[in-house]
Amino acid sequence: MASMLNFYGRVVLVTGAGGVNDLGGDMKGVGKGSLAADKVVEEIRRKGGKAVANYDSVEAGEKIVKAALDAFGRIDVVVNNAGILRDRSFSRISDEDWDMIQRVHLRGSFMVTRAAWDHMKKQNFGRIIMTSSAAGIYGNFGQANYSAAKLGLLGLSNSLAVEGKKNNIHCNTVAPVAGSRMTQGFLPEDLIEALKPEYVAPLVLWLCHESCEENGSVFEVGAGWIGKLRWERTLGALVRQKNQPMTPEAVKANWTKICDFDNATKPQRIQDSVSTVIEALSKIDSSDGGISANNLSHATSAAPSGLVEAVGYKFPPFSSSYTEVDTIMYALGVGASIKEPKDLKFIYEGNSDFSCLPTFGVILAQKSLGGGGLAEIPGLSVNFTKVLHGEHYLELYKPLPNAGDLKCEAVVADVLDKRSGLVILIDVYSYSGKELICYNQFSVFVMGSGGFGGKRTSDKDKVAVAIPSRPPDAILTDTTSLNQAALYRLSGDWNPLHIDPDFASLAGFDRPILHGLCTFGFSARHVLQQYADRDVLRFKAIKVRFAKPVYPGQTLQTEMWKEGNRIHFQTKVQETGDTVISNAYVDLVPTSDTLAKIPSEGGDLQSNLVFEEIGRRLQDIGQEMVKKVNAVFEWHITKGEKIAAKWTIDLKNGAGKVYQGPAKGSADATFILSDEVFMEVVLGKLDPQKAFFSGRLKARGNIMLSQKLQMILKDYAKI
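The following refers to the structure shown. (Residues numbered from 1 in each chain as written. Predicted model: local features only at pLDDT ≥ 70, side-chain atom pairs only at ≥ 80, totals over all residues. Heavy atoms only, no water.)

**With respect to the overall build of the chain**
- Looking only at helices and strands, the chain has 22 helices and 23 strands in total.
- By residue count, 50% of the 719 residues in the chain fall in the buried class.
- Here the chain displays about 34,100 Å² of accessible surface, and carbon together with sulfur accounts for 52% of that area. (Helix = DSSP H or I, 4+ residues; strand = E, 2+ residues; numbered from the N terminus. Buried < 20%, exposed > 50% of the residue type's maximum accessible area, 1.4 Å probe, protein only. Areas by Shrake-Rupley, 256 points an atom, 1.4 Å probe, with all protein chains shown as cover.)

**Looking at the pairing of strand β3 (residues 126–131)**
- Of all 6 residues in β3, 6 are buried; the element is thus mostly enclosed.
- Residue alternation in β3 divides its side chains into two sets, Gly126, Ile128 and Met130 and Arg127, Ile129 and Thr131, and both sets are buried.
- The pairing of strand β2 (residues 77–80) with β3 spans 4 bridges and is parallel. Residue pairing in the sheet places Asn80 in a bridge with Met130 of β3.
- Chirality of the crossover, the property in question, places the unit of β2, helix α3 (residues 95–123) and β3 among those that are right-handed.
- Looking at chain direction, β3 and strand β4 (residues 169–176) are connected through 6 bridges and run parallel. The partner of Ile129 across the bridge, within β4, is Asn172. (Pairing = 2+ DSSP bridges. Right-handed = clockwise from strand over helix to strand, strands pointing away.)

**What about the sheet that holds strand β21 (residues 657–660)?**
- Strand order in the open sheet formed by 5 strands is β21-β20-β19-β22-β23, with mixed pairing between adjacent strands. The sheet is open, and its two edges are formed by β21 and β23 (697–701), each paired on a single side. Geometrically, the sheet is characterised by an average inter-axis angle of 20° between neighbouring strands, direction not taken into account.
- When strand β19 (residues 631–639) meets strand β22 (residues 669–674), the two strands line up parallel, connected through 6 bridges. When the sheet's bridge partners are listed, Glu634 is paired in β22 with Thr670. (Axes fitted to C-alpha atoms, helices over the stretch in contact; angles between N-to-C directions.)

**Notes on the pattern of salt bridges**
- One pass over the structure, following the stated rule, counts 37 salt bridges.
- Close ionic contact of Lys628 with Glu624 constitutes a salt bridge, the shortest N to O distance being 3.1 Å. One end of the pair, Lys628, and the other, Glu624, are both in helix α19 (residues 606–629), 4 residues apart, so they sit about a helical turn from each other.
- The class of Lys628 is partly exposed, set by a relative accessible area of 44%.
- For Glu624, a relative accessible area of 40% corresponds to the partly exposed category.
- A salt bridge links Lys652 to Asp668; the shortest N-O distance between them is 3.2 Å. Remark: Asp668 occurs in the loop between β21 and β22 and Lys652 occurs in the loop between β20 (642–651) and β21; sequence separation between them is 16 residues.
- Judged by its relative accessible area of 36%, Lys652 is partly exposed.
- Taking the relative accessible area as the measure of exposure, Asp668 reaches 22% and is therefore partly exposed.
- Taken together, the shared-partner salt bridges in this structure form one network comprising Glu340, Asp343, Asp478, Arg525 and Arg534. (Salt bridge = Lys/Arg side-chain N within 4 Å of Asp/Glu carboxyl O.)

**A word on helix α2 (residues 61–72)**
- The end-to-end C-alpha distance of α2, which contains 12 residues, comes to 17 Å, matching closely the 16 Å that a straight helix rising 1.5 Å per residue would cover.
- Turning to α2, its buried residues number three or more, namely Gly61, Ile64, Val65 and Ala68. Down the axis of α2, the buried side of the element spans an arc of 95°, and every buried residue falls inside it. Facing away from the buried surface of α2 by more than 90 degrees, the exposed residues are Glu62, Lys63 and Asp70.
- For α2, the elements touching its buried residues are β1 (12–14) and α3.
- Gly73 sits one or two positions beyond α2 and adopts a positive phi of about 85°. (Expected span 1.5 Å × (residues − 1). Arc of directions from axis to C-beta. Contact = heavy atoms within 4.5 Å.)

**Section: the nonpolar core**
- Counting 51 residues, the largest nonpolar core has Phe360, Leu400, Phe520, Ile542, Val544, Met560 and Phe569 as the members making the most contacts within it.
- The contacts of Phe520, once residues within four sequence positions are left out, are Thr359, Val362, His392, Ile542, Val544, Phe546 and Ile581.
- Val610, Phe611, Ala645 and Leu686 belong to the second-largest nonpolar core, a separate cluster that totals 30 residues. (Core = buried A, V, L, I, M, F, W, Y, C linked by side-chain atoms within 4.5 Å.)

This is how it looks when you write it as structure tokens:
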């Protein structure tokens, strides 16, 4: 015989059902008395247990929990069992009938559980039971109010199971068929005897035991029988085509398929509820939304409010420390191999030219989206399954160290309304000391949260660019390993979608898929191999749009077009012909014979000397300037009609500072002008306003701030 379950030292709070907490009223919630609760307490004590009665309403959850804490000093288990009935046909339900049922069943369970929640979190243990009903699961005539509350308890339980898991708090739901004071007068005495609560309690006891790992489940129970329930979903049908309207006629034509439960799936998590939609979006191959099947780990979202709060929100700074082992692991994860002798520089620390692959920069930045960081953005209600990594931009200001400890700062650059969803642009800046090393922009697409009347474009957005309309200039292929996702995830993306076959199946895939950023790394490596001889010094920036998923073992085919120092590319799966990365490019730093014509970031620009001088002078007068100016200026310096450098003068925060690269957060004004025009303004040969009106200086944002340019440039930047 199995050993008995031991609950020694555990404190259990039970509401209702003639339990330890019971108002003692009738089944409609009318009246009040102490007899029901007192009787149960007496029975427990008679059998050697300890118990106290409580006569408060479950709506006074804090009082009930306080009574348990005062008596026993802790609380380990909550069984939400209090309930009443006010059965009416739907047309006869009064407001009072509706509200009273919701207050006792749903609100009461919420109030009691909330009062116990923090105590359970602190002790890293808790077990919670919600009492639902078959009426809530299936519906029942005359019980619309009761059914709504009982199914609401299941939703509450499922969410608490997700939130409480990390603190060892498990929450499950039971739907019992048992005789009680609520069933007296409705069921025959012999049937009530066969449906004794004693035939339900053992399930509750097991679910509440510390050794039970069940969490987020629902069980029907009665008469000694127990069954577990789960959702089932048909394979459904795709009823829309690219650039075609979705019509009710198409729904009608596919109705049999939509309702066919043959080969049905069994979703278990909120992530599963949108996985088929994600795959459908990939099949439709939307060309204007940047929609991807590259799910972010643990991520969905609701419609936004208060976008003014969201834009400019700064995430808590974080550190990204890494060693040579990490850079080697990443290189192996994106396909570098000893089969290619020149790849040895990425996977052998003893190589004379040992280098960190440039795209390792995404690993440094991705922590900003982990750990529920999106949920902390003010003004946005983010819940984590409708989120897709739609596009990505990475720019390096100098080659990544082979090992380092970088400080990262992330900010919401903008929020865009794409109608079918919203896009959150998140900029991440990585520093070595005070020196900006790299910059990432995550384009996070949130399905179903658009249509709020927001703007559709932003000058902060690093826009994807269409590939040239000619055959590719070069093509490179790499066959991924069956272990590719298992290897890449060691660089920090632990999403089980990429390793667990069962999880992938639930998400609508026949096997785990490859990380989108792994394909991203393969593609960048191909470009670097084809056009830069693997020289990491040549890498400047990359922009991609994720289009479709890749399976480990498939062959990646990168098609490339060279136009100056920009290499356009798209990546396909060779076996299927599907485009998995689209509208992408890599910008390369010009070779030595080109540098004289088009200087690279930090190259031979006269304006660089001015910004450096401003930075030095701000060390003495920065605080004074911040008081006078109170603005952040971003500068795009061009050479040969191309942006050659970006600088930011921050005269708004702290003691002011000047740094190379785009503004961290929102700039109050952005100025675009050539290196030559910039010098004319600095030397007083050209008035900034005249430069603006003549088109030689372009400005975005608060252009009236151009009036302060004389103060900034002429008076404090003499060279």
